Amino acid sequence: MTVVVKLGGSVVTEKDQPETVAADRLADLAGALGDANLDDLVVVHGGGSFGHPHAAEHGISSSEGKRDAAAVRDVAGAMAELNTAVVGALADAGVPAVPVHPFSVGYRTADGDLRFPTDQLAAMLDEGFVPVLHGDVLTQVGAGATIVSGDELVTHVASELNADRVGLCSTVPGVLDESGDVVREITDYEDVAAALGGSDATDVTGGMAAKVRALLALGAPAFVFGPDALSAFLAGEDAGTRIEG
Ligand code: IP8
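Residue positions are counted from 1 within each chain, in the order its sequence is given. For a predicted model such as this one, the threshold for reporting local features is a pLDDT of at least 70, and the threshold for listing and counting side-chain atom pairs is 80 or more; totals across whole chains, interfaces and linings nevertheless cover every residue. Side-chain metrics in this entry use all non-hydrogen atoms of the structure; hydrogen atoms and water are not considered.

Glancing now at the packing of helix α2 (residues 23–36) against helix α4 (residues 69–92). Convention adopted: a line fitted to C-alpha atoms gives each axis, helices being fitted over their contacting stretch, and angles between N-to-C directions are expressed from 0 to 180 degrees. Elements are defined by DSSP. Helices are runs of H or I of four residues or more, strands are runs of E of two residues or more, and each kind is numbered from the N terminus. At a minimum axis separation of 8 Å, α2 and α4 run at an interaxial angle of 50°. On the basis of their axis angle, the class for α2 and α4 is oblique. For the pair α2 and α4, the sense of crossing is right-handed. Residues Leu26, Ala30 and Leu33 of α2 pack against Ala85, Val86, Ala89 and Leu90 of α4. Charged residues are taken to be Asp, Glu, Lys and Arg, nonpolar residues to be Ala, Val, Leu, Ile, Met, Phe, Trp, Tyr, Cys and Pro, and polar residues to be all remaining types, Gly included. Its residues placed into classes, the contact of α2 with α4 shows seven nonpolar, no polar and no charged. When an angle is under 35 degrees it counts as roughly parallel; over 145 it counts as roughly antiparallel; between 65 and 115 it counts as roughly perpendicular; any other value is oblique. Two helices cross in a left-handed way if the nearer one is turned anticlockwise from the farther one by less than a right angle. They cross in a right-handed way if the turn is clockwise. The contact rule is simple, with two residues in contact once any of their heavy atoms fall within 4.5 Å.

Right, here's the structure in full:
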């Protein structure tokens, strides 16, 4: 049973305080992952108050690149620092966590397609390690460096490793409908298009809309849930919103 879990950047960091780890929240999540003691687990975390401010400062996004080594060092350095904190918290909770820094692993083609090998991740899992990846900068052919989000890595890695279940632990308890209630199940994008704004118009709804579309295409059940539901997800229960196309 291969499980891929994303810990959202706003869950593991204090979003409004630059480069601040949400230490208690992170320790709780790490404890849940340690207690679950899963055989094949991949963890991916987002950028929160570490990666995003640096990326914005240098004008780098997933579609906007910069050929600027100092900017790459800045963003990658901040993300490596957060990764050290996440790996450390997992290690403290008894998880055999090891760091994986995406900038050194993959790149994007000129068209923006992700090229990211996963054989090394499969080998880590076989050896009993828990790889911990993160959103990062990535070299893009013809554009310098762009951003790869943790979500993009989750769907790529889950599909390449044929994951059985995918969990996205975020600050919201699931995908919310127009009245703010958690949608229990999504099997078709049209079910939630209205609630998600139907387009990628704003960052927040666009983020969730893009996430839902990618997860529907995955071929494995994915769940979007809040921090309180991580243990239930890891125990194989339905948590938050179940997304399966
Ligand atoms: O928080 C982006 O990852 P995300 C990471 O998963 C950076 O969107 C470097 C901004």
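Next, the rest of the story.
The next point concerns helix α6 (residues 150–160). Taken as a whole, α6 has its buried residues at Gly150, Leu153, Val154, Thr155, His156, Val157 and Ala158. After α6 finishes, the residue asparagine 162 shows a positive phi value of roughly 50°. Three exposure classes are used, based on accessible area relative to the maximum for each residue type with a 1.4 Å probe and protein chains only: buried under 20%, partly exposed in between, and exposed over 50%.

When at least one non-hydrogen atom of a residue lies within 4 Å of a molecule or strand, that residue is treated as near it. Near the ligand, the surroundings consist of Lys6, Gly46, Gly47, Gly51, His52, Val75, Met79, Gly135, Asp136, Ile147, Ser149 and Gly150. Between the ligand and the protein, one listed contact pairs an oxygen atom with a side-chain N or O atom of lysine 6 at 3.1 Å. Nitrogen and oxygen atoms within 3.5 Å of one another constitute a polar contact, given that in protein one can donate a hydrogen and the other can accept it, and given that sequence-neighbouring residues count only through two side-chain atoms. Between the ligand and glycine 47 there is a distance of 2.8 Å, counted from an oxygen atom to a backbone nitrogen or oxygen. Within the complex, 90% of the 330 Å² of free accessible area of the ligand lies under protein. Listing elements by their share of the shell around the ligand, those giving two or more residues are α3 (48–57) and α4. Looking at the shell around the ligand residue by residue, the classes come out as three nonpolar, seven polar and two charged. Using a 1.4 Å probe, the Shrake-Rupley method yields the accessible areas, and only the shown protein chains count as cover for residues.

What follows covers the pattern of salt bridges. In what follows, salt bridge is the name for a side-chain nitrogen of Lys or Arg lying within 4 Å of a carboxyl oxygen of Asp or Glu. A complete count under the given rule lists seven salt bridges for this structure. Notably, a salt bridge pairs lysine 6 with aspartate 151, separated by 2.9 Å at the nearest N-O pair. Taken together, the positions of lysine 6 in strand β1 (residues 2–7) and aspartate 151 in helix α6 put the pair 145 residues apart, joining distant regions of the chain. When the shortest N-O distance is used, the salt bridge between arginine 242 and aspartate 238 registers 3.3 Å. By sharing partners, the salt bridges in this structure join Glu185, Asp238, Arg242 and Glu244 into a single network.

Before going further, it helps to spend a moment on the sheet that holds strand β4 (residues 107–108). Sheet strands pair by backbone hydrogen bonding; their relative direction is either parallel or antiparallel. Here four strands make up an open sheet; going across it, the order is β5-β4-β7-β8 and the pairing mixed. Of all the strands in the sheet, the pair left with one neighbour each is β5 (114–115) and β8 (144–148). Pairing of β4 with strand β7 (residues 136–140) involves two bridges; the strand directions are parallel. In the strand pairing of β7, tyrosine 107 is matched with threonine 139. Strand pairing requires that DSSP identify at least two bridges connecting the strands.

With that out of the way, let us pick up the sheet that holds strand β3 (residues 97–99). With mixed pairing, eight strands are arranged side by side in an open sheet as β3-β6-β2-β1-β9-β11-β12-β10. Strand pairing shows two members of the sheet lacking a second neighbour, β3 and β10 (185–186), which therefore form its edges. Pairing between β1 and strand β9 (residues 165–169): five bridges, direction parallel. Looking at the pairing, valine 4 lines up with valine 166 of β9.

Here we come to the UniProt feature "site: Transition state stabilizer" (unreviewed entry) in the chain. UniProt positions are given in the numbering used here, feature names are shortened, and annotations may be inferred rather than shown by experiment. The positions that UniProt labels "site: Transition state stabilizer" (unreviewed entry) are, in the present scheme, Lys15. Relative to the helices and strands, lysine 15 resides in the loop between α1 (9–12) and α2. When its relative accessible area of 58% is taken as the criterion, lysine 15 is described as exposed.

Judged by how many residues are buried, β9 sits mostly within the fold: five of five residues are covered. With burial as the criterion, each face of β9 is covered, one bearing Arg165, Gly167 and Cys169 and the other bearing Val166 and Leu168. Looking at chain direction, β9 and strand β11 (residues 222–225) are connected through four bridges and run parallel. Paired with leucine 168 across the strands is valine 224, a residue of β11.

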